[in-house]
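Here is how the chains run, residue by residue.
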Amino acid sequence: MTAPDPSIELMRLINGYQVSQALHVAAMLGVADQLKDGPKSYEILARACGTHPTSLYRLLRALAAIGVFREGDNKEFSLTPLGLCLTNDAPRSTRNYARWIGQRGQWGSWANLLHSIKSGESALGFTYGTDAWTYRMQHPGEQAVFDSAMTGNSRTEAQAVLEAYDFGRSGCVVDIGGGQGLLLKTILLACPASRGILFDQPQVIASADQALTSPELGQRCQLVAGSFFESVPAGGDLYIMKVILHDWDDQTSIDILRTCRGAMSATATLIVIERVIGPPNEMPEGKFSDLNMMVQYAAMERTRQEFDNLLKNGGFKMTEIIPTRSPQSIIVAQPMSTE
């Protein structure tokens, strides 16, 4: 068997941006959803998606060549297992994430990765003259796509986290920076004896999942608005920070942890849900996510040792790291004595 030509393999990697953009366009057009009921010709798909027929065919045949769709007779296309994940209602749909990666704020920032590598600064800030949060606030359409992408990711991650950790032993669960509350809702539905507090900025709390105020959960869940740079709710047994610290540099992350520590009793527990960077030459997904954190926020993913150091400086002792079937791990920590 002939060994792969290294130059051809490298060229395939170099052209990876073409695949990303092709998937983005297919997701924006909703092509996969048009195929849920069975194969369709490219002409029918073009009419449904509002595209130039021949150009759409060229997109679809390229994606079929890498296994996203299957091209059959008479230029008909059908879904493959990969393509099914591009449908809007697939259990582990990636459609909204594919829509997000091609948005101007994300795609344009990555064009200036070189600036981040040379300077250590956010490429988004260099490109658009503001931070990522302000940029999305100024571009509500992109913010909506981003929110949908993050909620989609969280849906899979929430189930994986629930399977890996016993939340039922905690009377009061405080979700710090919990967004619209998907993780907290998942925990409360699975743990009927637990109570919850969702804590985030006022504009985020205003758009929280309505299930948290429903008759089923409303008596067990409190929505609190504020900033984790100033204070967080006291009195919890378990504090959660899911994909929060990777948005910030070390000093800012330490400040957030110290704020959290100030609200916690000596017997409370903190769990930080984040990617953990793998060993050399392995686990590329986390290392490319790390580059994305640099590009977007001048922030980072972290290794086990880096999390240990960060938590110590924030007033905590890391006790264990629990892997999940998602990319995220559960990093468990206990407050250190303040005496």
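Nothing here was measured: the structure is a model prediction, and the numbers come from that model.

About the thresholds
- Residues numbered from 1 in each chain as written.
- Predicted model: local features only at pLDDT ≥ 70, side-chain atom pairs only at ≥ 80, totals over all residues.
- Heavy atoms only, no water.
- Helix = DSSP H or I, 4+ residues; strand = E, 2+ residues; numbered from the N terminus.
- Rg over C-alpha atoms; globule rule 2.2 N^0.38 Å.
- Buried < 20%, exposed > 50% of the residue type's maximum accessible area, 1.4 Å probe, protein only.
- Contact = heavy atoms within 4.5 Å.
- Areas by Shrake-Rupley, 256 points an atom, 1.4 Å probe, with all protein chains shown as cover.
- Phe/Tyr/Trp six-rings, centres within 6.5 Å; stacked < 30°, edge-to-face > 60°.
- Lys NZ or Arg CZ within 6 Å of the ring centre and 35° of its normal.
- Pairing = 2+ DSSP bridges.
- Axes fitted to C-alpha atoms, helices over the stretch in contact; angles between N-to-C directions.

(A) Region of interest: the overall build of the chain. A tally of regular secondary structure across the chain gives 17 helices and 10 strands. What you see for the chain is a C-alpha radius of gyration of 22 Å, in line with the 20 Å of a compact globule of 339 residues. Projected onto its principal axes, the C-alpha positions of the chain cover 75 × 50 × 45 Å. Looking at the chain residue by residue over its 339 residues, the buried ones come to 47%. For the chain, the proportion of contacts with a sequence separation of at least 24, taken over those separated by at least 6, is 64%. As displayed, the chain has an accessible area near 17300 Å², and 54% of this comes from carbon and sulfur atoms.

(B) Quick look at the packing of aromatic side chains. The tally for this structure, following the rule as stated, stands at nine aromatic pairs. On the numbers, 5.2 Å between centres and 50° between planes, the contact of Tyr 42 with Tyr 57 is tilted. Taken together, the positions of Tyr 42 in helix 4 (residues 42–49) and Tyr 57 in helix 5 (residues 53–65) put the pair 15 residues apart, joining distant regions of the chain. Considered together, Tyr 42 and Tyr 57 belong to a single accessibility category, that of buried residues. An angle of 35° between the planes, with centres 4.9 Å apart, marks the rings of Tyr 128 and Tyr 135 as tilted. By way of ring pairs, the aromatic residues Trp 133, Phe 228, Phe 229, Trp 248 and Tyr 297 are connected into one cluster. Across the ring face of Phe 146, the terminal group of Arg 136 is positioned such that the distance to the ring centre comes to 3.8 Å. The ring of Tyr 165 has Arg 169 sitting right over it, with the charged end atom 4.7 Å from the ring centre.

(C) Broad picture of the sheet that holds strand 4 (residues 172–176). Strand order in the open sheet formed by seven strands is 6-5-4-7-8-10-9, and the pairing between neighbours is mixed. A single partner strand is all that each edge strand has here, and the edge strands are strand 6 (221–225) and strand 9 (316–323). On average, adjacent strands in this sheet sit at an angle of 20° to one another, irrespective of strand direction. As paired strands, strand 4 and strand 7 (residues 238–242) are joined by three bridges and run parallel to one another. Bridged to Asp 175 within strand 7 is Ile 240. Sitting on the sheet, helix 13 (residues 182–190) is in contact with strand 4, strand 5 (195–200), strand 6, strand 7 and strand 8 (269–274), with an inclination near 180° to strand 5. Against the sheet, helix 15 (residues 250–263) makes contact with strand 7, strand 8, strand 9 and strand 10 (329–335), and its axis sits at roughly 165° relative to strand 7, the strand it touches most.

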